[in-house]
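Architecture and fold: a report
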Amino acid sequence: MPIFARLASFFPSQRVRRWLAVLLIGVAGAAGGLLVGGHVQTPIGPANVSMSLGLSWGGGTVVEIPPLGSLELRSHHGPLRLEAQVVQLRSADSQRFIKDPKAVDHLADDIGGQVQHGVLMLCLRGIIFALIFAGLLSVLVFRAWRPAASAVGCAVLALAVCAAVAFLSFKPASVAEPRYTGLIANAPQVVGDARTVVRRFAAYRDMLAKLVGNLSQLYATTSNLPIYAPNPETLRVLHVSDIHLNPLAWDVIKSVSTQFAVDVIIDSGDLTDHGTSAEEPFANSIKSLKIPYVFVRGNHDSPAIQAAVTRQPNAVVLDNRVATVAGLRIYGAGDPRFTPDKTTRDDNVGATEMLATGRQLATALTDRPDLAVLHDPAEGKAFDGLTPLVLAGHTHERSTSLLPLGTRLFTQGSTGSAGLRGLEGENPTPVELSLLYFSRIDHRLQAWDDITLGGLGEQSVRMERHLEPAPDRPVPATVTPVTATPSTEPAG
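Calculation criteria
- Residues numbered from 1 in each chain as written.
- Predicted model: local features only at pLDDT ≥ 70, side-chain atom pairs only at ≥ 80, totals over all residues.
- Heavy atoms only, no water.
- Helix = DSSP H or I, 4+ residues; strand = E, 2+ residues; numbered from the N terminus.
- Buried < 20%, exposed > 50% of the residue type's maximum accessible area, 1.4 Å probe, protein only.
- Contact = heavy atoms within 4.5 Å.
- Pairing = 2+ DSSP bridges.
- Axes fitted to C-alpha atoms, helices over the stretch in contact; angles between N-to-C directions.
- Core = buried A, V, L, I, M, F, W, Y, C linked by side-chain atoms within 4.5 Å.
- Patch = residues over 30% accessible without salt bridge, like charges linked within 9 Å, V, L, I, M, F, W, Y side chains within 5 Å.
- Areas by Shrake-Rupley, 256 points an atom, 1.4 Å probe, with all protein chains shown as cover.
- Salt bridge = Lys/Arg side-chain N within 4 Å of Asp/Glu carboxyl O.
- Polar contact = N/O pair within 3.5 Å; in protein donor to acceptor, adjacent residues only side chain to side chain.
- Phe/Tyr/Trp six-rings, centres within 6.5 Å; stacked < 30°, edge-to-face > 60°.

Topic: the overall build of the protein
Along its length, the protein carries 12 helices and 19 strands. Each of the 492 residues in the protein was classed as buried or not, and the buried ones make up 52%. In the protein, of all internal contacts separated by at least 6 residues, the share reaching a separation of at least 24 is 67%.

Shown next, in the form of structure tokens:
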């Protein structure tokens with residue numbers, strides 16, 4: 001039975017079938033018109049930007065920055081996606097941003113109008129082409145003006161629905177939470193500093209101006225990239241976990257910590273695979289990082305591995321104690337298990353027991369830390385209400401959630417691509433690590449960047465920024481504060 005006959009059987013009325021055909025032709029013509037005519041080139045700041053409309057269920061905005069990479073913004077929901085590409089940088093204007101760092105502040109006065117004008121022209125051109133294509137297609141199919149007019153009306157209705165969805169779901173703050181894909185060396189300059197964006201650019205046009213300024217500076221000095229100047233109010237912590245004896249991880253960690261001027265590295269365990277004496281020299285690479293390296297033992301790390309980490313001059317090993325590193329009070333405890341032959345993929349065995357162990361540690365805690373580090377997230381849940389943030393690993397899957405009493409539980413993926421076991425699946429386990437931004441004043445988490453590389457460790461990287469929605473949320477402490485533990489600041 002032909003497929004059209006089958007479809008016709010669901011709609012026995014000829015009138016209904018005809019209206020459905022008119023609707024489909026109108027929508028198809030509108031979509032074709034948008035794809036053909038929905039593009040303009042407009043000046044934005046010091047750059048000429050090509051804007052176009054595309055079809056996507058997820059919607060959003062994609063900014064292509066060849067050859068540096070691309071930015072994806074969750075600006076609105078589908079089915080229309082705004083695509084922008086930097087096609088030319090005006091040299092004279094871009095040099096202003098290099099010579100005058102305050103020029104980006106003046107750009108904020110104009111950027112909103114420029115973007116608004118470009119989007120308006122894009123929409124007008126797209127609507128005109130959509131209606132023309134819908135009318136022409138319906139005339140070719142029906143060869144009559146009445147169904148053609150009806151098809152154009154359907155196209156108008158479809159465009160109105162798409163515009164309403166985009167308008168009602170529009171999120172200006174999405175500019176402060178971009179997803180970057182490109183070379184890892186360019187990530188700090190393109191995305192910028194989280195706390196700077198949060199504190200200095202609260203409005204949409206200001207955040208957009210900062211983003212354009214970053215791109216302009218980077219473009220204008222491609223052969224000699226500007227030094228990334230960290231905001232003095234921001235404390236940067238790099239969270240890694242489950243390296244599993246993969247030497248590639250040290251190159252990634254060193255690259256990220258250098259590019260982003262990281263202050264502290266926190267490793268939530270499973271540095272090795274079997275915890276043997278032959279694996280102890282693997283820890284010697286820690287000292288080459290030359291910044292404080294906080295470590296807690298994982299279930300694949302033996303006491304000998306922990307001792308090998310302790311011997312590194314810049315290492316701070318936490319095993320049921322609190323230490324102050326770079327101003328942060330950090331509590332950490334090693335995993336009570338040692339199961340070197342046990343894989344961690346899809347492993348939920350012992351979650352109840354680990355939660356019970358965590359409660360014993362939490363009960364004995366007599367001081368409120370700024371954050372806690374445990375290897376198993378099940379154990380970390382026991383610290384809900386005792387600290388604003390808990391860092392964990394073990395599962396090889398990155399996730400974050402707010403616990404009932406206000407503590408954020410942050411579980412890191414595998415920075416070592418899960419070692420050799422990461423190659424067992426059809427797709428290699430990705431290399432994952434995260435950059436956490438803390439306030440130096442109150443030591444609360446302000447934002448974080450999730451960094452992901454492919455399982456084979458290629459140079460391209462995806463970085464997705466997240467803002468802490470309530471950095472000053474109350475976290476009720478259930479312990480009695482005591483005198484602070486002496487500072488433990490390692491050499492290097």
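Quick look at the sheet that holds strand 13 (residues 371-374)
Across the sheet, six strands lie side by side as 11-12-13-14-16-15; this open sheet has mixed pairing. Each having just a single partner strand, strand 11 (321-325) and strand 15 (399-402) make up the two edges of the open sheet. Pairs of neighbouring strands in the sheet enclose a mean axial angle of 20°, with direction left out of account.

What about the nonpolar core?
Counting residues in each nonpolar core, the largest one holds 36 residues, and the members touching the most others are Leu-238, Trp-250, Ile-265, Leu-271, Tyr-293 and Leu-433. In terms of residues, this core owes the most to one element, helix 9 (residues 248-259), which gives five residues. Once you skip the residues sitting within four places of it in the chain, Leu-433 turns out to touch Leu-238, His-239, Val-240, Val-252, Val-256, Arg-398, Gln-412, Thr-415, Asp-449, Asp-450, Ile-451 and Leu-453. Within the second largest apolar cluster, 21 residues are counted, among which are Val-237, Ile-266, Leu-328 and Leu-391.

Considerations on the pairing of strand 17 (residues 431-439)
The buried fraction of strand 17 is high, at nine of nine residues. In strand 17, alternate side chains face the same way, and those of Val-431, Leu-433, Leu-435, Tyr-437 and Ser-439 on one face and Glu-432, Ser-434, Leu-436 and Phe-438 on the other are all buried. Across six bridges, strand 7 (residues 234-240) lies against strand 17 in antiparallel orientation. From the neighbouring strand, Val-237 faces strand 17, where its bridge partner is Leu-436. Across eight bridges, the pairing between strand 17 and strand 18 (residues 445-453) is antiparallel. Looking across to strand 18, one finds that Ser-434 is bridged to Asp-450. A loop of five residues connects strand 17 with strand 18, the two strands running antiparallel in sequence, and His-443 in this loop sits at a positive phi of about 60°.

Some details on a nonpolar patch on the surface
Among the surface-exposed residues, Leu-35, Val-36, Leu-55, Ile-128, Ile-132, Phe-133 and Leu-136 lie close enough to one another that they form a single nonpolar patch of about 630 Å² accessible area. For the nonpolar patch, the secondary structure elements donating two or more residues are helix 2 (14-37) and helix 4 (103-142). Looking at the nonpolar patch element by element, the count peaks at four residues for helix 4. Mapped onto the elements of the fold, Val-36 is located in helix 2. Using a relative accessible area of 45% as the deciding quantity, one classes Val-36 as partly exposed.

Notes on the side chain of Ser-414
For Ser-414, the position within the fold is in the loop between strand 16 (408-411) and strand 17. A distance of 2.7 Å separates a polar atom in the side chain of Ser-414 from the backbone oxygen of Asp-242.

Considering the pattern of salt bridges
Any two side chains of opposite charge can pair if their charged atoms end up close together. Taken as a whole and judged by the stated rule, the model has 13 salt bridges. The partner of Arg-337 in a salt bridge is Asp-335, and the shortest N-O contact between them spans 2.9 Å. A relative accessible area of 1% means that Asp-335 is categorised as buried. Several salt bridges share partner residues, and in doing so they unite Asp-335, Arg-337 and Asp-376 into one network.

A short note on the packing of aromatic side chains
Overall, the coordinates contain five aromatic pairs when judged by the stated rule. Aromatic pair Trp-250 and Phe-282: ring centres 5.3 Å apart, planes at 40°, arrangement tilted. With Trp-250 in helix 9 and Phe-282 in the loop between strand 8 (264-267) and strand 9 (293-295), this residue pair connects regions lying 32 residues apart in the sequence. Grouping residues by exposure puts Trp-250 and Phe-282 together as buried. Connected via pairs of aromatic rings, a cluster forms that spans Trp-250, Phe-282 and Tyr-293.

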